[in-house]
Amino acid sequence: NCDIKDIGGIGILVSPEINTTGFREAGYVDGLSLLYNNIENTNTMKASGDANSAISIQGYHKNIADGYVRHKNITIQGNRFANWGSHAISVDTAENVKIIDNIFVDAAAYDDERTPIYLAGSKNVEVSGNKFPSQYSGKEAVQIGGVNVKNVYGQDVGTVKCIADY
């Protein structure tokens, strides 16, 4: 239940701190709920030309395989996103994720690179009950990228059909 506005970069970041030597100051999460937040105007600084996500669950998908350590049991529900950077929600290297009942008001400036939801290196992801702005009518609201993305399901996967402005 947070109100996060006018952030220079990522609104909410979840990331293991793993450096090149394999030292872990913080590991992957198991059992995280991000519920009923209002996140507006993220990545206002557009540092180095990067467009960051409003919610970013980060990992290291380039090296994953089944059985590899990753974030687990994450729910992103009932959040409202307005004027986000590259993606409102970005999930990388996670399993058993639910992205449900969120409201996406608008992207900062729509183009084919700005999608509400981006998935990489993740499996068992449900995407359902979300509301998308009209600029996504007939487009993919969920972008699958990277490698090792498996079992993405739900009513919002594929071309968005039911669109309204919120």
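For the structure, check the block above.
These notes cover the structure that comes with them. (Residues numbered from 1 in each chain as written. Predicted model: local features only at pLDDT ≥ 70, side-chain atom pairs only at ≥ 80, totals over all residues. Heavy atoms only, no water.)

Now for the pattern of salt bridges. Throughout the structure, instances matching the rule amount to 3 salt bridges. Between Arg 80 and Glu 40 there is a salt bridge; the shortest N-O distance is 2.8 Å. Placement of Arg 80 in strand E9 (residues 80-82) and of Glu 40 in strand E6 (residues 38-40) is noted, with a sequence separation of 40 residues between them. Judged by its relative accessible area of 17%, Glu 40 is buried. (Salt bridge = Lys/Arg side-chain N within 4 Å of Asp/Glu carboxyl O. Helix = DSSP H or I, 4+ residues; strand = E, 2+ residues; numbered from the N terminus. Buried < 20%, exposed > 50% of the residue type's maximum accessible area, 1.4 Å probe, protein only.)

A full pass over the atoms with the stated rule returns 3 aromatic pairs. Where Trp 84 meets Phe 104, the ring centres are 5.9 Å apart and the plane angle is 80°; that geometry is what we call edge-to-face. Of this pair, Trp 84 sits in the loop between E9 and strand E10 (87-92) while Phe 104 sits in strand E12 (residues 103-104), and the two are 20 residues apart along the sequence. We note that Trp 84, like Phe 104, is buried. Aromatic pair Phe 104 and Phe 132: ring centres 5.1 Å apart, planes at 5°, arrangement stacked. (Phe/Tyr/Trp six-rings, centres within 6.5 Å; stacked < 30°, edge-to-face > 60°.)

Burial of strand E14 (residues 123-128) is extensive: 5 of the 6 residues sit out of reach of the surface. Alignment of strand E11 (residues 94-100) against E14, held across 5 bridges, turns out to be parallel. Each residue of the ladder has a partner; that of Ile 100, found in E14, is Ser 128. (Pairing = 2+ DSSP bridges.)

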